[in-house]
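Here's the letter readout for the chains.
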Amino acid sequence: MKIEDAILGRRSVREYTDEAVDEQTMRRLIGAAILAPNAVNQQPCTFTVVRERSRLDRISRQAKAHMLATMAASAHSEHFRTLLGDPGYDIFHGAPALVVISATAPGPWIVEDCALVAENLMLAAFAEGLGTCWIGFAQGFLNTLEGKAALGAPAAWAPVAPIIVGRPKAWPAATARKTPEILWVD
Ligand SMILES: Cc1cc2nc3c(=O)[nH]c(=O)nc-3n(C[C@H](O)[C@H](O)[C@H](O)COP(=O)(O)O)c2cc1C
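Attention here is on the structure that accompanies the text.

All right, on to the site of the ligand then. Around the ligand lies a shell formed by Arg 10, Arg 11, Ser 12, Arg 14, His 93, Cys 133, Trp 134, Ile 135, Gly 136, Phe 137, Thr 175 and Arg 177. Between the ligand and Gly 136, the relevant distance is 2.8 Å, taken from a nitrogen atom to a main-chain nitrogen or oxygen of the residue. One nitrogen or oxygen atom from the side chain of Arg 177 is found 2.9 Å from an oxygen atom belonging to the ligand. About the coverage of the ligand: the protein hides 65% of its 620 Å² of free accessible area.

Next up, the structure:
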């Protein structure tokens, strides 16, 4: 697949089939992900792959409770409160796999490094016919000691990018983009 087709076609997918993502596929996606540029070539990102439904469900419940307890008021907070307070709402949208991209330790560029790795992974997944979605709702909880324990990850790690992966039930329509604001300075 041409890179522009992947960039144009990728969508955040929120409906998945039950088809599992096998280890070889996940390894290929991670192999593409780690080729992203990274600061001072420190390559700080690690990958925690969760595929067991009971663990995904437990983390979803804990992350919702954590967000409800810690969420600051914002333009979206009423909508978020309704969603997160719904016991039937799965923050992982029923995806069969979650890959959490973490840094091994805090550092000045870990967010940039892990976000670039995440975009590579999402584009590589699209090229294989798989859907993905970054789950920001999980981030607060996963960064607590309880969250890292729920993942089975070392306490020193800093989770940055929780990405769900799976076979889409259907591909959603593209989300419109604002016209880019460009400041041309000669
Ligand atoms: C940092 C970040 C956090 C996000 N958190 C969530 C989330 O918690 N749940 C969700 O369904 N989508 C989440 N998304 C997906 C965005 O809603 C989505 O990327 C945006 O609406 C644009 O749609 P597209 O990805 O299909 O182009 C997140 C995306 C990013 C980059």
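For the rest of this paragraph, the subject is the packing of helix 2 (residues 23-33) against helix 5 (residues 110-127). Closest axis-to-axis distance for the helix 2/helix 5 pair is 8 Å, and the angle between their directions is 135°. The angle between the axes of helix 2 and helix 5 places the two elements in the oblique class. Regarding helix 2 and helix 5, the two cross each other, and that crossing is right-handed. The residues of helix 5 that touch helix 2, namely those facing Leu 29, Ile 30, Ala 32 and Ala 33, are Val 117, Asn 120, Leu 121, Ala 124 and Ala 125. Broken down by class, the residue content of the contact of helix 2 with helix 5 amounts to eight nonpolar, one polar and no charged.

Next up on the list: the pairing of strand 1 (residues 45-50). Consecutive side chains along a regular strand alternate between the two faces of the sheet. In terms of burial, strand 1 is a largely internal element, five of the six residues being buried. Pairing between strand 1 and strand 2 (residues 97-103): six bridges, direction antiparallel. Within strand 2, the position partnered with Thr 46 by the bridge is Ser 102.

Another point: the packing of aromatic side chains. Under the counting rule described, the total for this entry stands at three aromatic pairs. Between the aromatic rings of Tyr 89 and Phe 137, the centroid separation amounts to 6.4 Å while the plane-to-plane angle is 75°, which identifies the pairing as edge-to-face. Of this pair, Tyr 89 sits in the loop between helix 4 (77-84) and strand 2 while Phe 137 sits in the loop between strand 3 (131-134) and helix 6 (139-142), placing them 48 residues apart in sequence. Judged on exposure class, the residue Tyr 89 and its partner Phe 137 are both buried. Look at Phe 126 and Trp 171: their rings are 5.1 Å apart centre to centre, the planes differ by 80°, and that puts the pair in the edge-to-face class. Taken together, the residues Phe 126 in helix 5 and Trp 171 in the segment after strand 4 (158-166) connect sequence positions 45 residues apart. Among the aromatic residues, those joined into a cluster by ring pairs are Phe 80, Tyr 89 and Phe 137.

What follows is about unusual backbone geometry. Here Val 40, not a glycine, exhibits a phi torsion of approximately 55°, which is positive. When you line up the elements, Val 40 lands in the loop between helix 2 and strand 1. Of note in the backbone geometry, Asn 41 takes a positive phi value of approximately 50° without being a glycine. By the secondary structure assignment, Asn 41 is in the loop between helix 2 and strand 1.

Cut-offs applied
- Residues numbered from 1 in each chain as written.
- Predicted model: local features only at pLDDT ≥ 70, side-chain atom pairs only at ≥ 80, totals over all residues.
- Heavy atoms only, no water.
- Near = heavy atom within 4 Å.
- Polar contact = N/O pair within 3.5 Å; in protein donor to acceptor, adjacent residues only side chain to side chain.
- Areas by Shrake-Rupley, 256 points an atom, 1.4 Å probe, with all protein chains shown as cover.
- Axes fitted to C-alpha atoms, helices over the stretch in contact; angles between N-to-C directions.
- Helix = DSSP H or I, 4+ residues; strand = E, 2+ residues; numbered from the N terminus.
- Parallel < 35°, antiparallel > 145°, perpendicular 65-115°, else oblique.
- Left-handed = near helix turned anticlockwise from the far one by under 90°.
- Contact = heavy atoms within 4.5 Å.
- Nonpolar A, V, L, I, M, F, W, Y, C, P; charged D, E, K, R; others polar.
- Buried < 20%, exposed > 50% of the residue type's maximum accessible area, 1.4 Å probe, protein only.
- Pairing = 2+ DSSP bridges.
- Phe/Tyr/Trp six-rings, centres within 6.5 Å; stacked < 30°, edge-to-face > 60°.

Scope: geometric values only; no functional claims are made or implied.
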